[in-house]
Amino acid sequence: MQRILIVGATSAIAEATARLFACRGDALFLAGRSIERLQAIAEDLKVRGAKLADTFVHDARDFERIPALLRTAIEHLGGLDAALIAHGTLSDQTACQSSVEQLREDFDVNALSVMALCTNLANQLESQGHGVIAVISSVAGDRGRRSNYVYASAKAAVTAFTSGLRQRLYPLGIRVVTIKPGLVSTPMTATFKKGALWAMPASVAADIVRAMDSGKAVIYTPWFWRPIMWIIRSAPETLFRRLRL
Amino acid sequence: MSTGVSWGRWPRYDQRLIPITNRYQPLPPAGPMLVFGNGRSYGDVCLNAEGTLLTTRSLDRFISFDAASGVLECEAGVLLSEIIALTLPRGWLPAVTPGTALVTVGGAIANDVHGKNHHRAGSFGNHLLGFELRRSSGETLRCAPDQHADWFAATIGGLGLTGMISTARLQLRRVPGEWIAGDSQRFDNLQEFFALAAQSDAAYEYTVAWLDCTASGGKLGRGVFIRGNHVQHDARPPRARSLRLPLTPPLSPVTGLSVRLFNELYFHRPAAQQARALWHYQPFLFPLDRLLDWNRLYGPRGFFQYQCLLPGTEAATALPEMLRRVARSRQASFLVVLKQFGNLPSLGLLSFARPGVTLALDFPNRGEPTLQLLESLDVITRAAGGAVYPAKDARMAAQSFQQYFPAWRQLQDYIDPKFSSSFWRRVTRSW
Ligand SMILES: Cc1cc2nc3c(=O)[nH]c(=O)nc-3n(C[C@H](O)[C@H](O)[C@H](O)COP(=O)(O)OP(=O)(O)OC[C@H]3O[C@@H](n4cnc5c(N)ncnc54)[C@H](O)[C@@H]3O)c2cc1C
Ligand SMILES: NC(=O)c1ccc[n+]([C@@H]2O[C@H](COP(=O)([O-])OP(=O)(O)OC[C@H]3O[C@@H](n4cnc5c(N)ncnc54)[C@H](OP(=O)(O)O)[C@@H]3O)[C@@H](O)[C@H]2O)c1
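Residues numbered from 1 in each chain as written. Chains lettered and ligands numbered in written order. Predicted model: local features only at pLDDT ≥ 70, side-chain atom pairs only at ≥ 80, totals over all residues. Heavy atoms only, no water.

1. So, the overall build of chain B
Then, number 1: Scanning chain B from terminus to terminus reveals twelve helices and 19 strands.
Then, number 2: For 431 residues, the compact-globule formula gives about 22 Å, and the C-alpha radius of gyration of chain B, at 21 Å, lands near that figure.
Then, number 3: Taking the principal axes of the C-alpha coordinates as reference, chain B spans close to 60 × 55 × 45 Å.
Then, number 4: Of all 431 residues assigned to chain B, the portion counted as buried reaches 61%.
Then, number 5: Sequence-distant contacts, at least 24 apart, represent 75% of the contacts inside chain B between residues at least 6 apart.
Then, number 6: Carbon and sulfur atoms make up 54% of the accessible area of chain B, which totals about 17,200 Å².
Then, number 7: One finds the centroid of the 45 positive side-chain charges in chain B at a distance of 6 Å from the centroid of its 33 negative side-chain charges. (Helix = DSSP H or I, 4+ residues; strand = E, 2+ residues; numbered from the N terminus. Rg over C-alpha atoms; globule rule 2.2 N^0.38 Å. Buried < 20%, exposed > 50% of the residue type's maximum accessible area, 1.4 Å probe, protein only. Contact = heavy atoms within 4.5 Å. Areas by Shrake-Rupley, 256 points an atom, 1.4 Å probe, with all protein chains shown as cover. Lys, Arg positive; Asp, Glu negative; His and termini not counted. Charge placed at Lys NZ, Arg CZ, Asp CG, Glu CD.)

2. Describing unusual backbone geometry
Then, number 1: Looking along the chain, the bond that leaves A:Thr221 and enters A:Pro222 is cis, with omega of -10°.
Then, number 2: Take A:Pro222: it is sitting in the loop between β7 (218-221) and α8 (225-234).
Then, number 3: Cis rather than trans, the peptide bond between B:Trp10 and B:Pro11 has omega equal to 0°.
Then, number 4: Secondary-structure assignment places B:Pro11 in the segment before β1 (16-19).
Then, number 5: Backbone geometry places B:Arg9, a non-glycine residue, at a positive phi of 55°.
Then, number 6: Topologically, B:Arg9 is positioned in the segment before β1.
Then, number 7: For B:Arg9, a relative accessible area of 15% corresponds to the buried category.

3. Some remarks on the nonpolar core
Then, number 1: Core analysis: the biggest nonpolar cluster contains 94 residues, and B:Ile83, B:Tyr306, B:Leu359 and B:Trp424 have the highest contact counts within it.
Then, number 2: When residues in this core are grouped by element, the largest group, six residues, is from helix α8 (residues 312-329) of chain B.
Then, number 3: Setting aside its immediate chain neighbours within four residues, B:Ile83 contacts B:Phe62, B:Leu72, B:Cys74, B:Val78, B:Leu88, B:Pro94, B:Val105, B:Leu170 and B:Leu172.
Then, number 4: Core analysis: the second largest hydrophobic core is formed by 32 residues, A:Ile41, A:Ala82, A:Ile136 and A:Ile219 among them. (Core = buried A, V, L, I, M, F, W, Y, C linked by side-chain atoms within 4.5 Å.)

4. So, the interface of chain A and chain B
Then, number 1: Contacts between chain A and chain B engage 14 residues on the former and 13 residues on the latter.
Then, number 2: Of the roughly 1,200 Å² buried between chain A and chain B on both sides combined, carbon and sulfur atoms contribute 59%.
Then, number 3: Linking chain A with chain B are three salt bridges, by the criterion used here.
Then, number 4: Between A:Arg19 and B:Asp60 there is a salt bridge; the shortest N-O distance is 2.8 Å.
Then, number 5: Applying the counting criterion to the chain A and chain B interface returns five residue pairs in polar contact (both at pLDDT 80 or more).
Then, number 6: Residue contributions to the side of chain A that touches chain B peak at seven residues, all from helix α2 (residues 35-47) of chain A. (Buried area = accessible area lost by both parts, 1.4 Å probe. Salt bridge = Lys/Arg side-chain N within 4 Å of Asp/Glu carboxyl O. Polar contact = N/O pair within 3.5 Å; in protein donor to acceptor, adjacent residues only side chain to side chain.)

5. Here we look at the site of ligand 1
Residues and elements named next belong to chain B.
Then, number 1: For ligand 1, the set of nearby residues contains 33 residues, the closest of which are Val35, Arg40, Ser41, Thr104 and Tyr389.
Then, number 2: Here an oxygen atom of ligand 1 and a backbone polar atom of Gly99 are 3.0 Å apart.
Then, number 3: At 2.8 Å, a backbone N or O of Ile165 approaches a nitrogen atom of ligand 1.
Then, number 4: Elements supplying a minimum of two residues to the shell around ligand 1: β2 (33-36), α2 (105-110) and β9 (164-174).
Then, number 5: Tallied by class, residues from the shell around ligand 1 come to 18 nonpolar, 13 polar and two charged. (Near = heavy atom within 4 Å. Nonpolar A, V, L, I, M, F, W, Y, C, P; charged D, E, K, R; others polar.)

Put into structure tokens, the structure is as follows:
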């Protein structure tokens, strides 16, 4: 039995992952913004076998409350073996281009709040000497493109931050997993036209659980995004800057 | 991912798909809308041309399950297969299961589906303890046999028109295990079928017959009768591997010749006559669920299913007439199913299941000749005072529907003003 904290627990990818944890009897602590949706998810996870599924209302921008969140989670779970950070918002690129306010707000949610959580979690796990921190970044963070460079740069920050944190905690046996999903059919992408590259949350969730269990460093999910992103990262700027991606 | 295409893959419409991903999400402001469950209806009851489809497959959370009483509460987009995976290991099954487990709870309610145990259990609505109905007005109605009872009856078999079912409470049925023991026997004509049904219904939970619809003359009405009961048996279940038909063949392999050959082989294969048979519940209850997307076999033009009910008194004459017509047309297909219904009244205003015998046949869509054949079958069903199952229909005339379901006018009082379906607009046209 693992004791797992999930932040952004109402996200479709997080919920699908939580179901896999629940099926094997893990104890779960769910943080998110909407109490009624958290409760609906908690009930479901208990029916599916979760040893515990407690909820905590938390807005990711509320940095001051992070210590309280962790304290309550540890209290309810009786300790902490792993944390999954999943919340995020798909920035409105055009809006961010004309409003620094909007830009900052999105960065707070997608980058700073994640780093703040990681900072608190890292210190907690460091003191106890074991644990896993898994963070959902994105393939988008591998290279900025004109269509979503605000979202992409926030995810790039998360990717770089978790890379450094991974080095810091590695000697202590604490694992940091950076998860880079490709295109996933979730409420965040509801209005997108779907094609062959799209994955369902359940298959991404299976990859996440496997990566957390084995303490992998960086995963692309589905796997084929690794070669795709390699190509995109390798394109020389002389070419890339002309593309309309 | 929801597609907005129904199982018969015909007709196809332009529709706006809006996913409903949690049960507190408000309905969109503009209609006409309709819930699309898992699209296992064959025709247009789950379609809404030029309108909105609310897709509910992400409404798939359990709310509670009591393994002592077998009461399960869940959101309406949960599949019966998902319920079974949760509850069968603890000895419970949905009390009624149609021939595929890949249907949502909401869809099972809205068509008030029946299964191989109709003679004992009635249809899905008979085991429904209650549900929540969301209306476009923003109102939520809690419905149960003794709470908003009229809305309860209107929504069971209500073809999705009364609003969106968000959650439901089901009374499951205790079973001793996941294996089914029984037997399988050939019959040479319909008299033998009726005799077998009459003698089996009391002792067997499940009865169903497969019919050779290509047979004519002296072989008319021959088939295989299958019956069984759940038993405790400690074998390991067969390995669950699914196959998916990856694409739609440009020309359908379902032709007159392949169908005759299949039927001949099916009737004569040794397993058709077994004094003692043991099945895992999967192939017994849901024989085609392992072959994902098998409906693509019928090619790009899709196919029809014709499922009618013939009242007991008329069946003995109407059934042979229907089979003769089908055999003569050389259009029918592999999957012909015959089942004697029981007398337990359905609770829905527009429920399909009622006392009598039900026949279901698949037909590749060959355009006008197929439509004419199906209309000629309707002539027989109408004369017999029977009915055609809306869940399987894409073409019946408004006049036929209104004769088959005289309560349709009563349903109109309960239809949500912002809900509608292609089916409903078609069958309520004036004629
Ligand atoms: C291989 C196969 C075998 C079958 N065997 C049988 C059988 O033995 N017996 C039988 O009775 N049927 C049978 N069917 C038909 C099937 O059981 C029904 O069509 C069932 O209703 C499909 O459920 P669905 O979730 O796919 O719903 P859909 O087909 O998507 O929708 C069906 C109807 O339900 C409504 N609906 C769905 N969800 C909701 C909701 N949440 N709130 C309000 N309305 C809703 C829709 O608007 C629509 O009117 C079979 C189908 C197949 C493909
Ligand atoms: N879907 C994709 O294609 C894709 C691809 C790559 C990476 N990702 C990443 O995957 C993660 C999960 O997203 P998803 O695809 O599962 O989408 P989702 O279902 O829309 O989930 C997004 C979640 O983030 C939460 N959230 C947003 N702002 C918040 C805030 N200020 N405070 C707290 N929670 C907040 C949302 O909460 P509410 O429900 O309360 O709004 C929601 O639960 C995200 O980090 C996303 O960036 C997704």
